[in-house]
Amino acid sequence: MHDLTVAQLIDGLRSKQFSSTELTRHYLERISRLDPQLNSYITVDESGALGAAAAADRALAGASGNLPALTGIPLAHKDIFCTRDLRTSCGSRMLDNFVPPYDATVVSRLRDAGAVTLGKTNMDEFAMGSSNESSYYGPCRNPWHPGHVPGGSSGGSAAAVAAGLAPLATGTDTGGSIRQPAALCGITGLKPTYGRVSRLGMVAFASSLDQGGPMARTAEDCALLLNAMAGHDPLDSTSAQQAVPDFSGELDQPLAGLRIGLPAEYFGDGLDATTGAQVREALSLLEQAGATLVDIQLPHTALSIPTYYILAPAEASTNLARYDGVRYGHRCEDPADLRDLYTRTREEGFGDEVKRRILVGTFALSAASYDAYYRKAQQVRRLIARDFQDAFAQVDIIAGPTTPGPAFALGAKTDDPLSMYLEDVYTLAVNLAGLPGLSAPAGRVNGLPVGLQLIGNHFQESRLLNVAHQLQQRSDWHLQTPPETEGGAP
Ligand code: GLN
């Protein structure tokens, strides 16, 4: 059953080939057998999942024809989304004991859509990272090679979907955290336009960049998941008052006449040659489908890493000020006074990467450096966004690699934060500009998957899903599955 796409699972449930309880048990069995090796889940909610599956089966039995789209379909949530009565750790010791009193809007919408929550997936601490190695719960492994990282920060969601431990998963993307792990695990992931998906109940990292989105094996399945996630939320003032289309509606649209821009900056030095060749092979399939490839430029690309690594830490330093041992989360033992409570709680609760970002961000926002760093970065952000608008005057979408290369070995970059930050060179600008971006499988390099990134103008998610779906009609990279490895971590 785990080899079926979600579209096929929906058919199977509705035609009574299997029940949601059987399907859910199948995934729970695979998680208990295969996840000790992968570590893609932080929390598995067996009883909650079976309860929701039983309710879905009752609904399916009485099927009236207008059941919610995902009735009975299991899924996993990144452990950054608040789930009522189910621990939400955000990959941090700080929230190891945090059981939210409410559901994130994304979570409640998916419950309303009939989905069954299997559990919460592993992630870099507070979504800061590109490898899942900053998780308090230990690294998640790449299902294609357990010695390699799955990418991050939504590495657990990507690995779980790739390994058949969930047919769908939610992720969040502040600078690449849906697209990069999707690429490195060989699945499809979409970061929607900023504001398309509610951030209510999504633990905040960098509020002007964070965006939740779908992760699945196929573009068609991402569309099904996004249909249930997207839409204005009166409780999130940054969510867009924009009509939500049926994201499944345009998948079959032909590509004839589509102009795809290839930024010179995304194919230059720093891109692994074999990865570049795979991406070009995927692009040639789109060309055969009728699209035209156009050379373009995004001249400020090189500035996206320094700009992001000022702005994201600045926002993180203010967002993470709330973890002070007073309100919720970790609290140190026997504090001597208030200052001791704050400092020891934060010293114990946060890991190294989070502390590094808080230090950088606090520095950038300090009175003496605000103009030189924070204000300057905001100005450059505008230039980066303008590059994209200039490009969209010439082309319909932009394409390139998602990452500079395939997954790297565990530990290869943990001592060198700057080389880790380079992983995001092709993804960050999309968040700075608030645009939608998708990563679709584009084959493998040395056995490890790589991704084709598609970038659209604001609210053009349907177009990206359409192009990815057309690619997936002409290739089978998205259907290839990794070998199963059982047992404990090697
Ligand atoms: N890898 C980037 C970072 O470490 C992006 C993370 C994300 O998108 N959440 O900040």
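To be clear, the structure that these remarks concern was listed above.
Residues numbered from 1 in each chain as written. Predicted model: local features only at pLDDT ≥ 70, side-chain atom pairs only at ≥ 80, totals over all residues. Heavy atoms only, no water.

K.L.:
Explain the site of the ligand to me, please; I cannot follow it from the model alone.
P.N.:
In the neighbourhood of the ligand, 15 residues make up the surrounding shell, with Thr174, Gly175, Ser177, Tyr308 and Arg357 lying closest. One nitrogen or oxygen atom from the side chain of Ser177 is found 2.6 Å from an oxygen atom belonging to the ligand. The contact in question runs from an oxygen atom of the ligand to an N or O atom on the side chain of Arg357, over 2.7 Å. (Near = heavy atom within 4 Å. Polar contact = N/O pair within 3.5 Å; in protein donor to acceptor, adjacent residues only side chain to side chain.)

K.L.:
Looking at this structure, how should I read the pairing of strand β9 (residues 397-401)?
P.N.:
On a regular strand, each side chain points to the face opposite its neighbour's, so the side chains alternate between the two faces of the sheet. By the criterion of burial, β9 is predominantly enclosed, with five of the five residues buried. As defined by bridge partners, strand β7 (residues 259-263) adjoins β9 across two bridges and the pair is classed as parallel. Its bridge partner lying in β9, Ile260 is registered against Ile397. Bridge count for β9 against strand β11 (residues 448-455) is four bridges, and the pairing is antiparallel. Looking at β11, one finds that Pro401 is bridged to Leu452. (Buried < 20%, exposed > 50% of the residue type's maximum accessible area, 1.4 Å probe, protein only. Helix = DSSP H or I, 4+ residues; strand = E, 2+ residues; numbered from the N terminus. Pairing = 2+ DSSP bridges.)

K.L.:
Quick question: what am I supposed to make of the environment of Ala162 here?
P.N.:
Tracing the sequence through the fold places Ala162 in helix α5 (residues 155-162). Residue classification places Ala162 among the buried residues on the basis of a relative accessible area of 6%. Residues Ala162 and His478, 316 residues apart in the sequence, show an inter-C-alpha distance of 9.4 Å. Residues in contact with Ala162, not counting those within four places in the same chain, are Pro143, Cys185, Ile187 and Pro482. (Contact = heavy atoms within 4.5 Å.)

K.L.:
Would you mind going over the state of the cysteines with me for this structure?
P.N.:
A covalent bond bridging the sulfur atoms of two cysteines is what the word disulfide describes. The final tally for this structure, using the stated rule, is zero disulfides. As a non-bridged cysteine, Cys82 has Cys90 as the owner of its nearest cysteine sulfur, 8.6 Å distant. Summary of cysteine pairing: Cys140 is not part of a disulfide, and the nearest cysteine sulfur, belonging to Cys185, is at 6.8 Å. Residue Cys140 is classed as buried on the basis of its relative accessible area, which comes to 0%. (Disulfide = S-S within 2.5 Å.)

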